[in-house]
Amino acid sequence: MTDHPGPEHFHVYDTTLRDGAQQEGLRLSIADKLRIAANLDELGVTFIEGGWPGANPKDTNFFEAMRRGELTLKNSTLTAFGFTRRVGRRAADDPMIAAVRDSGASVACLVAKSHDQHVERALRASLQENLAMVADSVEHLVAEGQRVFLDAEHFFDGYRANREYALEVVRTAAEAGAEVVVLCDTNGGMLPSWMHDIVGDTAEIGVDLGIHCHNDSGCAVANTLAAVEGGAMHVQGTINGYGERTGNADLLQVVANLELKFGWSVLADGALAEATRISHAIAAITNVPGSPRQPYVGSSAFTHKAGLHASAIRVDPNLYQHIDPAVVGNDMRTLVSDMAGRANIQLKGEELGFDISDRELAARITDTVKERESRGYSYEAADASFELLLRNELGELAEPFTVHAWQVHTDYGDGRTSTGASVRLSAKGAEQEYRGEGNGPVNALDEALRRALLPAYPQVADYQLTDYRVRILDQGHGTDASVRVLIDTDDGERSWTTVGVGENVVEASWEALSDAYLYGLIAR
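What you see is a predicted model; the values in this text were computed from it and never measured. (Residues numbered from 1 in each chain as written. Predicted model: local features only at pLDDT ≥ 70, side-chain atom pairs only at ≥ 80, totals over all residues. Heavy atoms only, no water.)

Asker: Looking at this model, I keep getting lost on the packing of helix α1 (residues 30–43) against helix α11 (residues 275–286). Mind explaining?
Answerer: Working note: a packed helix pair is described by the angle between its axes plus the distance between those axes. One can describe the packing of α1 onto α11 by two numbers: an axis separation of 10 Å at closest approach and a directional angle of 175°. Overall, the two elements α1 and α11 adopt an arrangement that is roughly antiparallel. Taking contact as the criterion, the partners of D32, R35, I36, N39, L40, E42 and L43 in α1 are, on α11, R277, I278, A281, I282, I285 and T286. Residue composition of the contact of α1 with α11, by class: 7 nonpolar, 2 polar and 4 charged. (Axes fitted to C-alpha atoms, helices over the stretch in contact; angles between N-to-C directions. Helix = DSSP H or I, 4+ residues; strand = E, 2+ residues; numbered from the N terminus. Parallel < 35°, antiparallel > 145°, perpendicular 65-115°, else oblique. Contact = heavy atoms within 4.5 Å. Nonpolar A, V, L, I, M, F, W, Y, C, P; charged D, E, K, R; others polar.)

Next comes the structure, spelled out in structure tokens:
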């Protein structure tokens, strides 16, 4: 942990609902925004920026929904975003300022130009007029009873182009009554050492400073932390790093570093342990999944594949992990692959509830895995298939059904294609044979297998094939290449993945499909 003392007060400011929503392909309904806000409130961020009232109907309606009490915040404070008044107007007469004032939010965050070239070329205003816009807008909202923060847009580029003017924007906002002036790396081009020096210089003005970073240089989180070390007491970001271009600073990474590395308490008590769950919940709402490699909360953040790593982890997990995954609500996972050693197999077996502490048994299973991986199987992506292999090697693989034969045929005539399949099997002492028809051979086989199993195992009616992936293994062979098939299955309570490999796609698909039903029945 750093010995950097924490400030007397500290703000965690989330802008997922506004800046994050500007990400390409991300669309949020009002219901989505309310659900995300509820998760952010549970996390305990200090401020939730709800959007820009008056700029678009959706954001305006969101603030109306909040005023109606559709969501009551317990830990966080709602903030309305807006722009300083327009050139040539009075703040009291500007409709956009009025929308922020009348939003029902107790805090307003206004964005203002702090780069001289943006003032003159984008706003088409004089530098002095821009200062008057800042002062008038802040003073008006403060007089109307709102707390005001000011986002100094393009501050760092403006500072490097015209230091005195950029600092004068900050000074003007402070003198007008802004509680916090947020320094924005709008183009995302800063580096941490530059950030620290500029924030430290700006802090001499004496107003509380915030930091808002974009990730165009890949440094948004590092720049945010450097700004905090330079004196910023207010951090802005988005969950999962959502945002336009390459995104904003990932707020979960920022707060995890502040809590676990700096030793500061910046969230609601115990909320950091919910970080992984909340990250994934918001990803499900946005329909924009986070990266498995996302620090702290990604599914691969504490995943170990190399045999050397697994050997060390069996002695002490901290040897290859910088924190205990549980403190952010995540888990350690061990992968099984051709890179695996005996320790990987033993750790994975322990995860699945099997005792393979015997060295000779673990070595035999390891050799089996490596041999099968050399033929194209991939167990790091198919835990269910690995458990079936493990049970087989341990002599614990039950056989809830036995397949005697299966067949697929496709007919074409009169401009139409039809596919059918048949499966003959024995289950609970009775032999069944059923046909199925479907949209292609895999769907037809799935239908036939399901129908054949239903008399003995009614629960298979709940099994749904949710994803199907094919990869060519030896591409030089063209259409006669071997293939790997991965199938994801869900029964409404959990999901699992199985793998099949074969010289044709139907053969590989059948192996993955039949194993999916086998695993589902055994695991149940």
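Asker: Sorry, what's going on with the sheet that holds strand β11 (residues 402–413) here?
Answerer: Sheet strands line up and pair through hydrogen bonds in the backbone, either parallel or antiparallel. Reading across the sheet, the 3 strands line up as β11-β12-β13 and stay open at both edges, with antiparallel pairing between neighbours. Taken across any chain shown, the strands that pair with only one partner, and hence form the sheet edges, are β11 and β13 (430–438). Pairs of neighbouring strands in the sheet enclose a mean axial angle of 10°, with direction left out of account. As defined by bridge partners, strand β12 (residues 416–427) adjoins β13 across 9 bridges and the pair is classed as antiparallel. What sits directly across from L425, in β13, is Q432. Strands in contact with helix α17 (residues 505–523) are β11 and β12; relative to β11, the strand with the most contacts, it is inclined by about 140°. (Pairing = 2+ DSSP bridges.)

Asker: Any chance you could explain the side chain of D491 here in plain terms?
Answerer: Residue position: D491 is located in the loop between β15 (483–490) and β16 (495–502). On the basis of relative accessible area, D491 is assigned to the buried category, the value being 10%. A distance of 2.9 Å separates a polar side-chain atom of D491 from the backbone nitrogen of E493. (Buried < 20%, exposed > 50% of the residue type's maximum accessible area, 1.4 Å probe, protein only. Polar contact = N/O pair within 3.5 Å; in protein donor to acceptor, adjacent residues only side chain to side chain.)

Asker: So what exactly am I meant to see when it comes to the pairing of β11 here?
Answerer: Looking along a regular strand, one sees the side chains alternate between the two faces of the sheet. Pairing of β11 with β12, which is carried by 11 bridges, proceeds in the antiparallel orientation. Paired with G413 across the bridge in β12 is R416. The antiparallel hairpin formed by β11 and β12 contains 2 residues in its connecting segment, where D414 sits at a positive phi of about 55°.

Asker: Even after reading the chapter, I still don't get the sheet that holds strand β4 (residues 107–113), so can you show me in this structure?
Answerer: Strand order in this closed barrel of 8 strands is β1-β2-β3-β4-β5-β6-β7-β8, and the pairing throughout is parallel. This sheet shows a mean twist of 25° between the axes of neighbouring strands, independent of strand direction. Of the pairings in the sheet, the one linking strand β3 (residues 77–83) to β4 comprises 5 bridges and is parallel in character. Within the sheet, the bridge partner assigned to T79 lies in β4 and is V107.

Asker: In this structure, what is going on with the confidence of the model for the chain? I would like to understand it.
Answerer: Low pLDDT marks stretches whose predicted atomic positions should not be read closely. On average, the chain scores 88 in pLDDT, and the residues at 70 or more come to 89%. Low confidence marks residues 306–310, where pLDDT is under 50. Its contacts with residues over four positions away, or in another chain, come to 11 contacts. (pLDDT = per-residue confidence, 0-100.)

Asker: Which parts of the structure should I look at to understand helix α15 (residues 383–393)?
Answerer: An α-helical turn contains 3.6 residues, so any two residues separated by three or four positions project in the same direction. By the criterion of burial, α15 is predominantly enclosed, with 8 of the 11 residues buried. Inspection of α15 places A384, S385, F386, E387, L388, L389, L390 and R391 among the buried residues, and these make up the whole buried set. Following α15 by one or two positions, G395 has its phi on the positive side, about 70°.

Asker: Would you mind going over helix α14 (residues 359–374) with me for this structure?
Answerer: The first and last C-alpha atoms of α14 sit 22 Å apart over 16 residues, in line with the 22 Å expected at 1.5 Å per residue. Within α14, the full set of buried residues consists of L361, A362, I365, T366, V369, R372 and E373. Viewed along the axis of α14, the buried residues span an arc of 135°, placing them on a single side of the element. For α14, exposure combined with an orientation more than 90 degrees from the buried face picks out R359, E360, D367 and S374. Positive phi shows up at G376, right after α14, with a value of about 120°. (Expected span 1.5 Å × (residues − 1). Arc of directions from axis to C-beta.)

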